[in-house]
Amino acid sequence: MRETYQRALITGATSGIGEAFADILPASTNLILTGRDAGKLTALQERLAHREREVDIVEADLRLPGDREKLAERSEALGVDLFVNNAGLGYFSHFTETSTDDEAAMVDVNVVAVHALSHALLPGMIERAKATGRRAGLIIVSSVVGHVPMPYFATYAATKAFGLALAEGLAEELSGEAIDILALCPGATATDF
């Protein structure tokens with residue numbers, strides 16, 4: 001049986017893999033879409049919303065703790081049951097030549113936000129799934145570079161290794177719960193990134 005989710009949160013929804021998830025989810029799945037570009041979010045909302053589907057948008061910069069909290073609160077209030085933890089940030093450069101701010105931003109988006117949002121949302125998702133006899137879902141978008149150290153992409157690869165390890169650990173830890181957890185590890189993909 002293919003699970004149909006009631007409401008999906010997709011981070012990094014304004015382009016690439018996040019936008020693809022928004023496009024391919026069934027029309028019966030309500031959406032919460034987030035990203036930093038208000039114009040792109042509004043365009044997605046207009047394109048994807050219809051009588052049978054609600055599309056909520058939350059402009060958020062996941063580098064910022066307040067925006068992460070705002071997104072978690074809104075998602076919990078709407079009762080998300082599928083979380084596509086997709087937003088990502090990366091720089092291909094020499095480690096010692098990348099600014100401290102850019103290095104920190106990668107860690108904030110690819111590690112801290114992934115952790116904070118998963119930690120904030122999983123308890124409610126599991127509880128709602130149990131109460132309805134359904135299953136919840138968490139997809140953490142990692143990368144093939146999360147499997148190996150990578151020169152000139154060292155911090156990015158390390159952050160993606162975190163996402164992969166978190167997904168694998170949670171999948172085992174929560175294997176008896178009403179939630180399915182998946183690490184998605186795409187290779188080279190045609191995206192804005």
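Residues numbered from 1 in each chain as written. Predicted model: local features only at pLDDT ≥ 70, side-chain atom pairs only at ≥ 80, totals over all residues. Heavy atoms only, no water.

**As for unusual backbone geometry**
Here's step 1: Residue Tyr 152 is not a glycine yet carries a positive backbone phi of 65 degrees.
Here's step 2: Owing to a relative accessible area of 47%, Tyr 152 belongs among the partly exposed residues under this scheme. (Buried < 20%, exposed > 50% of the residue type's maximum accessible area, 1.4 Å probe, protein only.)

**Looking at the pattern of salt bridges**
Here's step 1: Inspection of the entire model under this criterion finds nine salt bridges.
Here's step 2: Among the ionic pairs, Asp 61 bridges to Arg 63, the shortest N-O distance being 2.6 Å.
Here's step 3: Among the residues examined, Asp 61 registers a relative accessible area of 14% and is labelled buried.
Here's step 4: Residue class for Arg 63 comes out partly exposed when judged on its relative accessible area of 30%.
Here's step 5: Residue Glu 177 is joined to Lys 130 by a salt bridge in which the shortest nitrogen-to-oxygen separation is 3.0 Å. Here Glu 177, found in the loop between helix H5 (154–173) and strand S6 (179–184), pairs with Lys 130, found in helix H4 (residues 100–132); they are 47 residues apart in sequence, far enough to count as distant.
Here's step 6: The exposure class assigned to Glu 177 is partly exposed, which follows from its relative accessible area of 25%. (Salt bridge = Lys/Arg side-chain N within 4 Å of Asp/Glu carboxyl O. Helix = DSSP H or I, 4+ residues; strand = E, 2+ residues; numbered from the N terminus.)

**A few points about the side chain of Thr 34**
Here's step 1: Considering the arrangement of structural elements, one finds Thr 34 in strand S2 (residues 30–35).
Here's step 2: Here the side chain of Thr 34 touches Val 58 through a polar contact of 2.6 Å, landing on its backbone oxygen.
Here's step 3: If near-sequence neighbours (up to four positions away) are discounted, Thr 34 is found in contact with Leu 9, Ile 10, Thr 11, Gly 12, Ala 13, Leu 41, Val 58, Glu 59, Ala 60 and Leu 71. (Polar contact = N/O pair within 3.5 Å; in protein donor to acceptor, adjacent residues only side chain to side chain. Contact = heavy atoms within 4.5 Å.)

**Topic: the packing of aromatic side chains**
Here's step 1: Enumeration over the complete set of coordinates arrives at three aromatic pairs.
Here's step 2: When the ring of Phe 153 is compared with that of Tyr 156, the centres are 4.6 Å apart and the planes differ by 35 degrees; the resulting orientation is tilted.
Here's step 3: Its relative accessible area of 14% is what places Phe 153 among the buried residues.
Here's step 4: Under the relative-accessibility criterion, Tyr 156 is labelled buried at 9%.
Here's step 5: In this structure an aromatic cluster arises from ring pairing among Phe 92, Tyr 152, Phe 153 and Tyr 156. (Phe/Tyr/Trp six-rings, centres within 6.5 Å; stacked < 30°, edge-to-face > 60°.)

**Quick look at the pairing of strand S1 (residues 7–10)**
Here is the key point about a regular strand: its side chains alternate between the two faces of the sheet.
Here's step 1: Of the two faces of S1, the one carrying Arg 7 and Leu 9 and the one carrying Ala 8 and Ile 10 are both buried.
Here's step 2: With four bridges joining them, S1 and S2 adopt parallel strand pairing. When the bridges of S2 are listed, Ile 10 appears paired with Leu 33.
Here's step 3: After leaving S1, the chain enters helix H1 (residues 16–24) and then returns to the sheet as S2, a path that is right-handed.
Here's step 4: One ladder, built from three bridges, connects S1 with strand S4 (residues 82–85); its direction is parallel. (Pairing = 2+ DSSP bridges. Right-handed = clockwise from strand over helix to strand, strands pointing away.)

**Some points on the packing of H1 against helix H2 (residues 38–48)**
Here's step 1: Remark: H1 packs on H2, axes separated minimally by 11 Å, with the N-to-C direction vectors making an angle of 20 degrees. Taken as axis vectors, H1 and H2 run roughly parallel relative to one another. For the element pair H1 and H2, the recorded crossing hand is right-handed. Residue-level contacts link Glu 19, Ala 22 and Asp 23 of H1 to Leu 44, Arg 47 and Leu 48 of H2.
Here's step 2: For the contact of H1 with H2, the residue count by class is three nonpolar, no polar and three charged. (Axes fitted to C-alpha atoms, helices over the stretch in contact; angles between N-to-C directions. Parallel < 35°, antiparallel > 145°, perpendicular 65-115°, else oblique. Left-handed = near helix turned anticlockwise from the far one by under 90°. Nonpolar A, V, L, I, M, F, W, Y, C, P; charged D, E, K, R; others polar.)

**Remarks on the sheet that holds S6**
Here's step 1: What the six strands build is an open sheet, ordered S3-S2-S1-S4-S5-S6; its pairing is parallel. The sheet is open, and its two borders are formed by strand S3 (55–59) and S6, each paired with just one other strand. Along the sheet, successive strands turn relative to each other by an average axial angle of 10 degrees, direction set aside.
Here's step 2: The strands touched by H1 within the sheet are S1, S2, S4, strand S5 (136–141) and S6, with S1 carrying the most contacts at an inclination of about 165 degrees.

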